[in-house]
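Chain residues, written in single-letter form:
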Amino acid sequence: MNAKKSYILKIFRGHPGKQYWEEFELPYDPTDNVISALMEIQKNPVNRQNLKVEPVTWEQGCLEEVCGSCSMLINGTPRQACTALIANLLKETGSDTVTLAPFSKFPLVRDLIVDRGRMFDNLKKVHAWIEVDGYFNRGPGPKMSQEVQDIRYSLSTCMTCGCCVEACPQVNDRSEFVGAQIISQVRLFNSHPTGKMQRSQRLHAMMDKGGISHCGNAQNCGKVCPKKIPLHDSIAAVGRDVGLQALRDIFSFPDRE
Amino acid sequence: MPVKNNKKVIVVGGGLAGLSAAMKLAEQGCHVQIVSVTKVKRSHSVCAQGGINAAVNTMGEDDSPLIHAYDTIKGGDFLGDQPPILEMCLCGPSIIYLMDRLGCPFNRTPEGNLDFRRFGGTLYNRTAFCGASTGQQLLYALDEQVRRWEVKGKVEKFENHEFLRLVLDDQGITRGIVMMDLFNLKLEVLKADAVVIATGGLGLLFKKSTNSTFCTGAANGRLYKQGMIYANGEFIQIHPTAIPGKDKMRLMSESARGEGGRIWVYGDSSKSILAPDGKTIPCGVTGQPWYFLEEMYPAFGNLVPRDIGAREILRVCELGLGVEGRMEVFLDVSHLPKEKLHKLESILDIYAKFTGHDPAKVPMKIFPAVHYTMGGAWVDWPAADDPDRWSRFRHMTNLRGCFNVGESDFQYHGANRLGANSLLSCIFGGLVVGTEVPRYLQSLSSSYVDASAGIYEAALQQENVIKQDLMGRRGHENVHRLHDELAEWLVKNVTVKRNNQDLASTLNKIKEIKERYQNISLDDHSQFANQTYAFAHQFSSMLELALIITKGALLRNEFRGAHYKPEFPERDDTQWLKTTKAAYDPQQDEPVISYAPVDTRYLTPVLRDYTHAKKIKPTLENIPANIALPI
């Protein structure tokens, strides 16, 4: 790639009901990522029309893709801003512009910040914890094979960043679909020997309005997950468990399947 | 007259320390209000990678909590008070088991038991881990438990809210806080009889550190201005291995070396270096990889404590031996078998994402970076056999009813923290607070319910004045550029290697920045989600902390742990085996520094040697028989 001197950051910003595009021209540095670019704007908030404007606001935290704060639409794709390197983004599109926009499926707070509280509320609905007796020393937890740990660890790296929810076509104004994030958490807690004891509670939540039956199998979720969580597998596994639970609800007793 | 059973507690900060405190307090029947600048699940604890230490001794090594305590005391170069360290290490195994029961996905042995890896500053495999994102997994397990209590109505969360001020009554007793909603900037009072501060470290002072952007230290800075004593400020840990970046230094975990990663540069036999055993040795063989840590520290090799690792990397780079002459060295894991690389996958992925190079194929390029704040709020610790054990309260600051825990306190790590001890100290401290706070509440003879409305109004008013002042400033300085300038001076003069001349000029520089801070102008005057305003408010406290760190470093004329001053190349126990305590005096432009003795009742300081240490059975003396652990 020929040596660039500058590039344009085109940002969809503003307050709820008053959003607009604004462009900033920034000096090109091959080590820039979207975060360091936004930090430059903080230091010198002047747009392309050479007008001093309010610095852009965004959420950030660890900057190493493990906290889930800096989710946004970058060139239209939901992802974490910290791992979005400007050089790669320019190369991918062959243009001199990178576009940033807030997620569209969550209420806007300001500029690139949205309120993702809904996903955390869903964690409450599906009983996303292990029901332990208390916080005293009762010896080690149940034994587990390394294979099971491998899957549970992968599921448990979900940062509640919302990329999968944003990318899902079934999550829209006309549907109450909860999205892949929460379905995968149901799988996580049902895979634990102690967590399994509340399995039916979680599966019943998945049968409710907005539950797993709304999944349209578009498979966008797995493609955008920054942690490569096997979300499609989770949806398939929980879908199967929900079916079995429906049967159990009719035919089973607590002590047998 | 005993008070009505008002068990309301405010916990500020939702990382490992804050959440473990909240969880335990809820179990003890308290009503907990958590205040956090972010969703607690996004707290900086998620960045901890390598693991959590506990001498569970399942690897046939004859390990024990006493050896763990010995390693921790020695790793901290004998500056850490020993009673809290001992109890933390004794509690380690129970904490691992508790977290295991909470569903934290620890790696397993073939038999399905917990697996342990080796970490820096020890010769034992006592670090439990979840891949290479252990902090994230531990935090999530606690976040889940706290959510459980939230559903039960015992915990309330105020996320996207920032602590601004402690409310004290006329007797100086804690009665609540003032906080700000970071979305609508509204100031609000929360009332309670105990406040637990668990707001983490202050890495953001140095801007480019391994810390999250939340780690401004502002809460401690604000409390310090309200009279809280801040201890051992000068001890800042530099992690030997981070990925240099423009916006931050990304951590490359010690576990990369724990699993067998090796640090090297190309040797140059025409150059020589003074080895720690006093001999001058050539810098390897020209053109061949020189594994300098392994050669200079045969016993610990690549797993020397972090202060040593960081200093040696700097020394080698200063000799011009860094990668292509730059300030970088190689960290090589490319020789490791697949199973080991799999355990490190999450951190190797991050390296690949940021550099475009696959660490499984080519050695990584890394450099030391600011990582951990050993100093912090001074907190009390009556030992188990102290006669006044039950009339004092562990983890309470000098402000009555205000507790401090986790990276934001000064305890456990002395002059240098050992890898994988921070997760342990955060959870342990949180659990301790979970049992000490209810006891404190019971000891009170009055409650916030009886406090006069005036104390809350006055506190709100003070914060309103600050808000109007900041919003109204119309100078020419930009607060983010001032931050860059402060960080540049601190990184240059107050990190790995320090000297009195530069420390003195840094002290003056901070004062100059403090003056110029009066002339900032906010580029954003909006009343909604105004991050410039929030940061400008934090920056004022960050400047106070910078003064504490720099002045503490300037005065301490010795070499201890992370505090390395070539002018004074030896540890000096006669003069400097003492805790630094900084107090704020509005009449003076510098912190008032005093010193307190270190509690060394179990182990007399010995030489801190990592060249030929062997596995030994250390003898700790005077261990009390009546230790009661929090779990």
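**Student:** I tried to follow the overall build of chain B on my own but got confused; where do I start?
**Tutor:** A tally of regular secondary structure across chain B gives 16 helices and 23 strands. Here the C-alpha radius of gyration of chain B, 24 Å, is about what a compact globule of 631 residues would show, namely 25 Å. Taken over the C-alpha atoms alone, chain B extends approximately 75 × 60 × 50 Å along its principal axes. Considering chain B as a whole, with its 631 residues, one finds that 67% of them fall into the buried category. In chain B, of all internal contacts separated by at least 6 residues, the share reaching a separation of at least 24 is 72%. Looking at chain B as shown, the accessible area adds up to about 20400 Å², and 51% of this sits on carbon and sulfur atoms.

**Student:** Can you walk me through the overall build of chain A in this structure?
**Tutor:** The helix and strand tally for chain A stands at nine helices and seven strands. The principal-axis extents of the C-alpha atoms in chain A amount to approximately 70 × 40 × 35 Å. Among the 257 residues that make up chain A, the fraction classed as buried is 55%. Within chain A, residue pairs in contact and separated by at least 24 positions form 64% of the contacts whose partners lie at least 6 positions apart.

**Student:** Sorry if this is basic, but what is going on with the sheet that holds strand 3 (residues 71-74) of chain A here?
**Tutor:** By definition, the strands of a sheet pair up through backbone hydrogen bonds, in either a parallel or an antiparallel sense. Residues and elements named next belong to chain A. Spatial ordering of the open sheet is given by 2-1-5-3-4, a layout of five strands whose pairing is mixed. The open sheet has two edge strands, strand 2 (18-27) and strand 4 (77-80), and neither has a second partner. The average angle at which neighbouring strand axes cross in this sheet is 30°, direction not considered. Strand direction decides the pairing type here: strand 3 and strand 5 (residues 97-101), joined by two bridges, are antiparallel. What sits directly across from Leu73, in strand 5, is Ala101. Against the sheet, helix 1 (residues 34-43) engages strand 1 (6-15), strand 2, strand 3 and strand 5, with an angle of about 75° to strand 1.

**Student:** Got a minute to help me understand the packing of aromatic side chains in this structure?
**Tutor:** The geometry of two aromatic rings is summed up by the distance between their centres and the angle between their planes. Residues and elements named next belong to chain B. In total, this model carries 19 aromatic pairs over all chains according to the counting rule given. Between Trp264 and Tyr291, the aromatic rings sit 6.4 Å apart at their centres with planes inclined by 55°, giving tilted as the arrangement. A residue pair is termed long-range when its members are at least 10 positions apart, and Trp264 in strand 14 (residues 262-266) and Tyr291 in the loop between strand 17 (289-290) and helix 7 (292-296) qualify at 27 residues. Here Tyr517 and Phe539 contribute two aromatic rings whose centre-to-centre distance is 5.9 Å and whose plane-to-plane angle is 55°, an arrangement assigned as tilted. Residue Tyr517 is located in helix 14 (residues 500-517), and its partner Phe539 is located in helix 15 (residues 531-555); the two are separated by 22 residues in the primary sequence. With relative accessibility at 5%, the residue Tyr517 sits in the buried group. In textbook terms, an aromatic cluster arises when at least three aromatic residues are bridged by ring pairs, as seen for Trp264, Tyr266, Tyr291 and Phe330. Taking the ring centre of Tyr610 as reference, the NZ or CZ of Lys74 above it sits at 4.2 Å. For Lys581, the ring lying beneath its charged end belongs to Trp378, and the centroid distance is 4.6 Å.

**Student:** So what exactly am I meant to see when it comes to the interface of chain A and chain B here?
**Tutor:** Accessible area lost during the coming together of the parts is what is often quoted as the interface size. At the junction of the two partners, chain A supplies 74 residues and chain B supplies 70 residues. Buried area between chain A and chain B, summed over both chains or domains, comes out near 6300 Å², and the portion from carbon and sulfur atoms is 50%. When the buried area of chain A at its contact with chain B is split by residue, Lys43(A), Glu64(A) and Tyr135(A) rank highest and sum to 14% of it. Where chain A meets chain B, there are 11 salt bridges. With its nearest N and O atoms 2.9 Å apart, the salt bridge here joins Lys248(B) to Glu64(A).

**Student:** When you look at the sheet that holds strand 10 (residues 194-197) of chain B in this model, what are you seeing that I'm missing?
**Tutor:** All names here are of chain B. The sheet built from five strands is open, its strands ordered 6-2-1-10-21 with parallel pairing. Among the strands making up the open sheet, the edge pair consists of strand 6 (155-159) and strand 21 (402-404). Mean inter-strand twist for the sheet, computed between neighbouring axes without regard to direction, equals 20°. As paired elements, strand 10 and strand 21 share three bridges and run parallel to each other. Among the inter-strand pairings, Ile197 is bridged to a residue of strand 21, identified as Asn404. The sheet contacts of helix 1 (residues 16-27) involve strand 1 (8-12), strand 2 (31-36) and strand 6, and relative to strand 2 the element is tilted by about 165°.

**Student:** I'm lost on the confidence of the model for chain B in this one. Help?
**Tutor:** The predicted coordinates of low-pLDDT regions are not to be read in fine detail. Mean pLDDT over chain B stands at 96; residues scoring 70 or higher make up 99%. Interface predicted TM-score (ipTM) for the complex: 0.97; the corresponding pTM is 0.97.

**Student:** Sorry if this is basic, but what is going on with unusual backbone geometry here?
**Tutor:** A negative phi angle characterises most non-glycine residues, just as the trans form characterises most peptide bonds. Residue and element names in this part refer to chain B. Positive phi, normally seen in glycine, also occurs at Phe78, with a value near 65°. Turning to its location among the elements, Phe78 is positioned in the loop between helix 2 (65-75) and helix 3 (82-101). The exposure class of Phe78 is buried, given its relative accessible area of 0%. Even without a glycine there, the phi angle at Lys207 is positive, about 55°. If you trace the backbone, Lys207 turns up in the loop between strand 10 and helix 5 (218-225).

**Student:** Could you clarify how one ought to interpret helix 15 of chain B in this entry?
**Tutor:** Helical geometry: 3.6 residues make up each α-helical turn, so side chains three or four residues apart lie on a common side. With 25 residues, helix 15 of chain B ought to run about 36 Å at 1.5 Å a step, and its terminal C-alpha atoms sit 36 Å apart, in line with that. Counting buried positions over the 25 residues of helix 15 of chain B gives 22, a clear majority of the element.

**Student:** What exactly am I supposed to notice about the packing of helix 3 of chain B against helix 11 (residues 422-443) of chain B here?
**Tutor:** For any two helices packed against each other, one specifies the inter-axial angle together with the distance between the axes. Residues and elements named next belong to chain B. The interhelical angle for the contact between helix 3 and helix 11, taken along N-to-C directions, is 95°, at an axis separation of 9 Å. In terms of their interaxial angle, helix 3 and helix 11 are classed as roughly perpendicular. Mapping the contact onto sequence places Pro84, Glu87, Met88, Cys91, Gly92, Ile95 and Met99 in helix 3 and Leu424, Ser425, Ile427, Phe428 and Leu431 in helix 11. Tallied by class, the residues present in the contact of helix 3 with helix 11 amount to nine nonpolar, two polar and one charged.

**Student:** Teacher, can you tell me more about a nonpolar patch on the surface here?
**Tutor:** Residue and element names in this part refer to chain A. A contiguous nonpolar patch, built from Leu244, Leu247, Ile250 and Phe251 and spanning about 430 Å² of accessible area, is present on the exposed surface. In this structure, Phe251 sits in helix 9 (residues 231-251). By relative accessible area, Phe251 is classed as exposed at 60%.

**Student:** I tried to follow the state of the cysteines on my own but got confused; where do I start?
**Tutor:** Cysteine pairs can be linked by a disulfide, which is a covalent bond between their two sulfur atoms. According to the stated counting rule, one finds zero disulfides over all chains in the structure shown. No disulfide involves Cys82(A); its nearest neighbouring cysteine sulfur is the one of Cys70(A), lying 3.9 Å away. The class of Cys82(A) is buried, set by a relative accessible area of 1%. Cys104(B) forms no disulfide, and the closest cysteine sulfur to it belongs to Cys130(B), at a distance of 3.6 Å.

**Student:** Would you mind showing me how to read the pairing of strand 22 (residues 578-583) of chain B here?
**Tutor:** Consecutive side chains along a regular strand alternate between the two faces of the sheet. Residues and elements named next belong to chain B. Taken together, the two bridges between strand 11 (residues 230-231) and strand 22 define a ladder with antiparallel strand orientation. Note that in strand 22 the partner of Ala231 across the bridge is Lys581. When strand 22 meets strand 23 (residues 592-597), the two strands line up antiparallel, connected through six bridges. For Thr579, the partnering residue across the bridge sits in strand 23 and is Ala596.

**Student:** What should I look at first to understand the environment of Asp111(A) in this one?
**Tutor:** All names here are of chain A. Position of Asp111 among the secondary structure elements: in the loop between strand 6 (108-110) and strand 7 (113-114). Owing to a relative accessible area of 2%, Asp111 belongs among the buried residues under this scheme. Sequence separation between Asp111 and Glu59 is 52 residues, and the spatial gap between their C-alpha atoms is 9.9 Å. Beyond its immediate sequence surroundings of up to four residues, Asp111 is in contact with Phe12, Arg13, Gly14, Pro55, Val56, Thr57 and Pro102. Within the local environment of Asp111, its side chain forms a polar contact with the backbone nitrogen of Thr57, the two atoms lying 2.9 Å apart.

Cut-offs used in this document
Residues numbered from 1 in each chain as written. Chains lettered and ligands numbered in written order. Predicted model: local features only at pLDDT ≥ 70, side-chain atom pairs only at ≥ 80, totals over all residues. Heavy atoms only, no water. Helix = DSSP H or I, 4+ residues; strand = E, 2+ residues; numbered from the N terminus. Rg over C-alpha atoms; globule rule 2.2 N^0.38 Å. Buried < 20%, exposed > 50% of the residue type's maximum accessible area, 1.4 Å probe, protein only. Contact = heavy atoms within 4.5 Å. Areas by Shrake-Rupley, 256 points an atom, 1.4 Å probe, with all protein chains shown as cover. Pairing = 2+ DSSP bridges. Axes fitted to C-alpha atoms, helices over the stretch in contact; angles between N-to-C directions. Phe/Tyr/Trp six-rings, centres within 6.5 Å; stacked < 30°, edge-to-face > 60°. Lys NZ or Arg CZ within 6 Å of the ring centre and 35° of its normal. Buried area = accessible area lost by both parts, 1.4 Å probe. Salt bridge = Lys/Arg side-chain N within 4 Å of Asp/Glu carboxyl O. pLDDT = per-residue confidence, 0-100. Expected span 1.5 Å × (residues − 1). Parallel < 35°, antiparallel > 145°, perpendicular 65-115°, else oblique. Nonpolar A, V, L, I, M, F, W, Y, C, P; charged D, E, K, R; others polar. Patch = residues over 30% accessible without salt bridge, like charges linked within 9 Å, V, L, I, M, F, W, Y side chains within 5 Å. Disulfide = S-S within 2.5 Å. Polar contact = N/O pair within 3.5 Å; in protein donor to acceptor, adjacent residues only side chain to side chain.

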